[in-house]
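# A closer look at the structure
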Amino acid sequence: MHFTATPASVVSLVPAAEGSMPLIPHWEELVFGLIMFAILWWVVAKKVVPNIEKAYEERHAAIEGGIAQAENAQAEAEAAKAQYEAQLAEARSEAAQIREDARAEGAAIVAQMRQQAQDEANRITESAHKQIDAERQQAAVTLRGEVGRMSTDLAGRIVGHELSESSTRQSIIDRFLSELETGKVQPEKVTASAPGSSTVDGQES
Amino acid sequence: MTLTAPASWVGTAPTASGGGEGYQTPTPEIFWQPLFELGPITVTNQMAWAAIITAALSFAMIALSKNAAVVPGKGQWLFENFYNLPRNTIARDMIGTRHFRQYLPLIVTLFTMVLFFNLAGSFFGSMMPVTSKIGFPIALTLVVYVVYHWIGVKKHGLGGYFKHMVPGGLPKAVVPVIFPLELITYFITRPLTLALRLFGNMFAGHMLIYLFVTGAFYFLIEGDILLKLVSLPTFLMAGVMLVFELLVQFLQAFVFALLTASYIAGALADDH
Amino acid sequence: MEGNLSVVGYGLSAIGPAIAVGLIFAAYINGVARQPEARNLLQPIAILGFALAEALAIFGLVLAFVFN
């Protein structure tokens, strides 16, 4: 009955039955365990951990480098894009400017052309008017002379005597013509007041 | 019920068994497996397996990490997955990102070594966890013990280290009570539990499996019809225990490394 | 019936740590269920607690051998 354990009682069991006392270390195993640990520790500390940690570091660096590179590339792309966009905007504004200029120029040209055409038209119209006036004037003068001569001829022939006194004749003709121009002389009136003339007309025809 | 202890730590056979001289439950003697003697040194089975596992681990780890590249191959990828557990989950999370690289070899070595020494209980044809002999846990614990005290003394100085043990912000009156407790924790409880936890788990687990397997064989060979039937669930139970032991073996390796990291972190901490 | 009283002692000493381990993992499961993202934070703490509680059971086992 061992209900009390003293160091002596524990140790005294060892030589009696090695192995029956599992808590007493077999000292060879203890030393051997230390040696084994030392070997494995040396292997792990000198070969395994440095290699793996180096790989981890490199991987870390590679990933970080990759990220930095990607960031660089992205920044570059952004810059290029910004530049491109700036250029595009510039080109667009330039084009707009050119278009605006062209439009203004076109408008100016059109206005100028229109002005010229207008002027030309005006000038032509004016000259035409002038020509027409002149021709009318001429025609009127010619007609006046002609009508006067013809009517004096006619009247002379009808009246039978020469209305040679040019002053009276001329004054008569002028008065008549001016009356004719102002519209005082109506065909009916002419017929009524001067039946001779209508008769002349009738005889004539 | 008599309390007479047998000469060795032996349980008793199930009295229900009808067969012959009865069943001898496994004793701690099953762990004593001397191979040969070299002068005064008795080389045991566990020592041989420790050497084999250490050699295999060394070669495997060197081979897998020799050509460590930025883009890992298949082997390196597998090894990295294994390596990341002690590196990230244990060392980095416990010690902190600033200092953990320095103690990485220690943590990785401890984790790997304990894990494979434990796994020897289920693999490698040894069917005997190397760590079920207390010499190996004690050896590893000695290393941890020396390392974390050395780190503490180096960081805080000898007096500062003892002062550091007492949590800051305590009332003056409590300090004399706490200090011996902390002293016991630092110098006795920690190494003792660290070694004994590993040893006890491996020892008891292996013994349990041994008990189930030998018991099942005993039932099968010596028992009558009823006991032969009982042997089947017993075998099943042995299988279940084997799987459970796998979990425990891994967990104990994890705990060993985790506690080591936590002790180192505690010694490194600026303020307790 | 023959036996060793220290084995009974070990059995008794295992009760407390068994409950403690159960409580620790229950709390861990609760914590992870409530905040799954806290899993990595809680895991080492839970295993640390488990290891500390388990140490008491291991003490029982050891004492069962010592007081043989």
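These numbers were taken from a predicted model, which means no experiment stands behind them.

### Focus on the overall build of chain C
Helix and strand counts for chain C stand at two helices and zero strands. Residues counted as buried form 34% of the 68 residues belonging to chain C.

### Some words on the side chain of Thr44(B)
When you line up the elements, Thr44(B) lands in strand β2 (residues 41–44). A polar side-chain atom of Thr44(B) sits 2.8 Å from a polar atom in the side chain of Glu29(A). Ignoring anything within four residues of it in the chain, the contact list for Thr44(B) reads His26(A), Glu29(A), Trp32(B), Gln33(B), Pro34(B) and Leu35(B).

### Section: the side chain of Thr234(B)
Residues and elements named next belong to chain B. Structurally, the position occupied by Thr 234 is in helix α7 (residues 225–268). Thr 234 gets classed as buried once you look at its relative accessible area, which sits at 11%. Discounting residues that sit within four places of it in the chain, Thr 234 has contacts with Phe 212, Ala 216 and Phe 219.

### Examining the confidence of the model for chain C
Taken as a whole, chain C shows an average pLDDT of 86; of its residues, 96% reach a score of 70 or greater. What the predictor reports for the complex is a pTM of 0.68 with an ipTM of 0.83.

### Points about the packing of helix α2 (residues 74–95) of chain B against α7(B)
All names here are of chain B. For the pair α2 and α7, interaxial distance at closest approach is 8 Å and the crossing angle is 30°. Of the possible angle classes, the one that applies to α2 and α7 is roughly parallel. In this structure, α2 meets α7 at a crossing whose hand is right-handed. Residues Leu 85, Thr 89, Ile 90, Met 94 and Ile 95 of α2 form the contact with α7, whose own contacting residues are Phe 250, Phe 254, Ala 257, Leu 258, Ala 261, Ser 262, Ile 264, Ala 265 and Leu 268. Among the residues forming the contact of α2 with α7, the class breakdown is twelve nonpolar, two polar and no charged.

### Let's talk about the UniProt feature "transmembrane region" (unreviewed entry) in chain C
All names here are of chain C. Per the UniProt entry, the sites bearing "transmembrane region" (unreviewed entry) are residues 12–33 and 45–67 in this numbering. The annotated region residues 12–33 carries 100% helix and 0% strand content, and the separation between its end C-alpha atoms amounts to 32 Å. The distance separating the terminal C-alpha atoms of residues 45–67 is 33 Å; by composition the span is 96% helix and 0% strand.

### Comments concerning the pairing of strand β1 (residues 34–38) of chain B
Bridge count for β1(B) against β2(B) is four bridges, and the pairing is antiparallel. By the bridge assignment, Phe36(B) is partnered in β2(B) with Val43(B).

### As for the confidence of the model for chain B
Residues and elements named next belong to chain B. Confidence in the prediction for chain B averages 82 pLDDT; 90% of positions are at 70 or higher. Ranking the elements of chain B by mean pLDDT puts β1 last, at 79, and helix α4 (residues 135–156) first, at 91. Ignoring residues within four places in sequence, the model shows residues 1–20, a span with pLDDT below 50, making 33 contacts including any to other chains.

### Quick look at the UniProt feature "transmembrane region" (unreviewed entry) in chain B
Residues and elements named next belong to chain B. Here the UniProt feature "transmembrane region" (unreviewed entry) sits at residues 47–64, 103–124, 130–148, 169–188, 194–213, 225–244 and 250–269. Helix makes up 74% of residues 130–148 and strand 0%, and the two end C-alpha atoms of the span are 24 Å apart. With 100% helix and 0% strand, residues 225–244 has end C-alpha atoms that lie 29 Å from one another.

### Here we look at the interface of chain B and chain A
The interface of chain B with chain A comprises 49 residues on the first partner and 37 residues on the second. Taking both partners together, chain B and chain A bury about 3,800 Å²; carbon and sulfur atoms supply 74% of that area. Per-residue buried area on chain B facing chain A is highest for Trp32(B), Val70(B) and Thr109(B); these three make up 14% of the total on that side. Residue Arg101(B) pairs with Glu53(A) through a salt bridge whose shortest N-O separation is 2.7 Å. Across the contact surface, chain B and chain A share ten residue pairs in polar contact (both at pLDDT 80 or more). Those elements giving two or more residues to the side of chain B that touches chain A turn out to be β2, α1 (45–66), α2, α3 (100–119), α4 and α6 (175–222) of chain B. With eleven residues, α1(B) is the largest single contributor of residues to the side of chain B that touches chain A. Residue composition of the side of chain B that touches chain A, by class: 33 nonpolar, ten polar and six charged.

### Here's the deal with the pattern of salt bridges
All names here are of chain A. Applying the stated rule across the entire model yields ten salt bridges over all chains. With its nearest N and O atoms 3.7 Å apart, the salt bridge here joins Arg 103 to Glu 100. Residue Arg 103 and its partner Glu 100 are both found in helix α2 (residues 27–159); the two are separated by three residues, about one turn of the helix. Residue classification places Arg 103 among the exposed residues on the basis of a relative accessible area of 53%.

### Let's talk about the packing of aromatic side chains
All names here are of chain B. Taken as a whole, this structure holds 20 aromatic pairs over all chains when the rule is applied. A centroid spacing of 5.8 Å and a plane angle of 35° characterise the contact between Phe 82 and Phe 111, whose relative ring orientation is tilted. Taken together, the positions of Phe 82 in helix α2 and Phe 111 in helix α3 put the pair 29 residues apart, joining distant regions of the chain. Given a relative accessible area of 25%, Phe 82 falls into the partly exposed group.

### Section: the nonpolar core
Counting residues in hydrophobic clusters, the biggest one holds 72 residues, and the most contacted among them are Tyr83(B), Ile90(B), Ile95(B), Val130(B), Phe256(B) and Ile264(B). The biggest single contributor to this core is α7(B), with 15 residues. Those residues within four positions of Phe256(B) in sequence are excluded, and the remaining contacts are Leu110(B), Val114(B), Leu140(B), Thr141(B), Val144(B), Leu194(B) and Leu198(B). Ile134(B), Phe199(B), Ile58(C) and Leu61(C) belong to the second largest nonpolar core, which has 13 residues in total.

### Digging into α2(B)
All names here are of chain B. In a regular helix each residue adds 1.5 Å, so 22 residues correspond to 32 Å; α2 covers 30 Å between its end C-alpha atoms and thus fits that length. Where α2 bends most, at Asn 84, the angle is about 35°, and the proline Pro 86 comes one to four residues later. Note on α2: the residue one or two positions beyond its end, Gly 96, has a positive phi of about 105°.

### Here's the deal with the packing of α6(B) against helix α2 (residues 39–66) of chain C
The interhelical angle for the contact between α6(B) and α2(C), taken along N-to-C directions, is 70°, at an axis separation of 9 Å. Classified by the angle between their axes, α6(B) and α2(C) sit roughly perpendicular to one another. Across from Leu192(B), Thr193(B), Leu196(B), Arg197(B), Gly200(B), Asn201(B), Phe203(B) and Ala204(B) in α6(B), the residues of α2(C) making contact are Ala51(C), Leu52(C), Glu54(C), Ala55(C), Ile58(C), Phe59(C), Leu61(C), Val62(C) and Phe65(C). Residue composition of the contact of α6(B) with α2(C), grouped by class: twelve nonpolar, three polar and two charged.

Here is what the cut-offs are and how they apply
- Residues numbered from 1 in each chain as written.
- Chains lettered and ligands numbered in written order.
- Predicted model: local features only at pLDDT ≥ 70, side-chain atom pairs only at ≥ 80, totals over all residues.
- Heavy atoms only, no water.
- Helix = DSSP H or I, 4+ residues; strand = E, 2+ residues; numbered from the N terminus.
- Buried < 20%, exposed > 50% of the residue type's maximum accessible area, 1.4 Å probe, protein only.
- Polar contact = N/O pair within 3.5 Å; in protein donor to acceptor, adjacent residues only side chain to side chain.
- Contact = heavy atoms within 4.5 Å.
- pLDDT = per-residue confidence, 0-100.
- Axes fitted to C-alpha atoms, helices over the stretch in contact; angles between N-to-C directions.
- Parallel < 35°, antiparallel > 145°, perpendicular 65-115°, else oblique.
- Left-handed = near helix turned anticlockwise from the far one by under 90°.
- Nonpolar A, V, L, I, M, F, W, Y, C, P; charged D, E, K, R; others polar.
- UniProt positions renumbered as here; feature names shortened; annotations may be inferred.
- Pairing = 2+ DSSP bridges.
- Buried area = accessible area lost by both parts, 1.4 Å probe.
- Salt bridge = Lys/Arg side-chain N within 4 Å of Asp/Glu carboxyl O.
- Phe/Tyr/Trp six-rings, centres within 6.5 Å; stacked < 30°, edge-to-face > 60°.
- Core = buried A, V, L, I, M, F, W, Y, C linked by side-chain atoms within 4.5 Å.
- Expected span 1.5 Å × (residues − 1).
- Bend = angle between axes of the 7 residues up to and from the residue.

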